[in-house]
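A structural walkthrough
What follows is the residue order along each chain.
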Amino acid sequence: GKWTAEVPGRGGNTATNTFVFKVDGAKLTGTVDGGRGGAVEIADGKVDGDSISFNMVRNFGGQDVKISFKGKVSGSEIKFTRTIEGMDNAPAPTEFTAKKAN
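Structure report, in brief. What you see is a predicted model, and the numbers here were worked out from it, not measured in a lab.

The rules behind the values
Residues numbered from 1 in each chain as written. Predicted model: local features only at pLDDT ≥ 70, side-chain atom pairs only at ≥ 80, totals over all residues. Heavy atoms only, no water. Phe/Tyr/Trp six-rings, centres within 6.5 Å; stacked < 30°, edge-to-face > 60°. Helix = DSSP H or I, 4+ residues; strand = E, 2+ residues; numbered from the N terminus. Buried < 20%, exposed > 50% of the residue type's maximum accessible area, 1.4 Å probe, protein only. Core = buried A, V, L, I, M, F, W, Y, C linked by side-chain atoms within 4.5 Å. Salt bridge = Lys/Arg side-chain N within 4 Å of Asp/Glu carboxyl O. Polar contact = N/O pair within 3.5 Å; in protein donor to acceptor, adjacent residues only side chain to side chain. Contact = heavy atoms within 4.5 Å. Pairing = 2+ DSSP bridges.

**A short note on the packing of aromatic side chains**
Under the counting rule described, the total for this entry stands at 11 aromatic pairs. With a centroid separation of 5.4 Å and an interplanar angle of 20 degrees, the aromatic rings of Phe 19 and Phe 80 are classed as stacked. Of the two residues, Phe 19 sits in strand β2 (residues 14–24) while Phe 80 sits in strand β8 (residues 77–85), which places them 61 residues apart along the sequence. Taking the relative accessible area as the measure of exposure, Phe 80 reaches 2% and is therefore buried. Measuring from centroid to centroid gives 6.0 Å for Phe 69 and Phe 80, while their planes differ by 80 degrees, and the two rings are edge-to-face.

**A word on the nonpolar core**
Within the largest apolar cluster, 22 residues are counted, with the highest numbers of intra-cluster contacts made by Phe 19, Phe 21, Phe 54, Phe 69 and Phe 80. Going through the elements one at a time, β1 (2–8), β2, β3 (27–33), β6 (51–60), β7 (63–74), β8 and β9 (94–100) are the ones with two or more residues in this core.

**Overview of the pattern of salt bridges**
If charged atoms from side chains of opposite charge come close, those side chains can pair. A full pass over the atoms with the stated rule returns 3 salt bridges. A salt bridge links Lys 79 to Glu 77; its shortest N-O distance comes to 3.7 Å. Here Glu 77 makes a salt bridge to Lys 99, at a shortest N to O gap of 2.6 Å. One end of the pair, Glu 77, is in strand β8; the other, Lys 99, is in strand β9, with 22 residues separating them in the sequence.

**Observations regarding the side chain of Asn 55**
For Asn 55, the location among the structural elements is in strand β6. Reaching out from Asn 55, the side chain makes a polar contact with the side chain of Asp 44 at a distance of 3.0 Å. Looking at Asn 55, its side chain comes within polar contact range of the side chain of Ser 68, at 3.0 Å. Among all residues touching Asn 55, those that are not within four sequence positions of it are Glu 41, Ile 42, Ala 43, Asp 44, Lys 66, Ile 67 and Ser 68.

**Some remarks on the pairing of β7**
Every regular strand shows the same layout, with side chains that alternate between the two sheet faces. Sheet topology places β6 next to β7; 10 bridges connect them, and they run antiparallel. By the bridge assignment for β7, Arg 58 is matched with Val 65. Here β6 hands over to β7 after 2 residues, with Gly 61 in that stretch at a positive phi of 55 degrees. Relative to β8, β7 runs antiparallel, the two sharing 9 bridges. Paired with Gly 71 across the bridge in β8 is Phe 80. Taking the residues that link successive antiparallel strands as the turn, the β7-β8 hairpin has 2 residues, and the phi of Gly 75 there is positive, at about 60 degrees.

This is the structure in structure tokens:
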């Protein structure tokens with residue numbers, strides 16, 4: 001399904017991210033569209049009960065950065081924690097909530 005979230009970014013700004021998920025048993029696939037650069041395929045997606053996790057890789061200034069998402073599904077919301085790895089001055093893990101889109 002399709003989910004949207006206001007994700008905190010640099011300097012206190014938020015960006016609308018659209019998550020499109022496809023669940024096949026315990027496997028999660030799909031895309032994340034965060035604006036710049038368009039939609040990015042998710043990797044290593046897993047579903048375990050009400051928990052989901054996946055990674056994506058973005059390139060910032062020639063540097064590949066791995067972004068990990070872990071979420072807990074509750075009805076029409078997913079509470080996520082996002083962790084950025086492999087980036088100088090990476091922000092601390094960030095929490096946000098995605099809501100099911102109609």
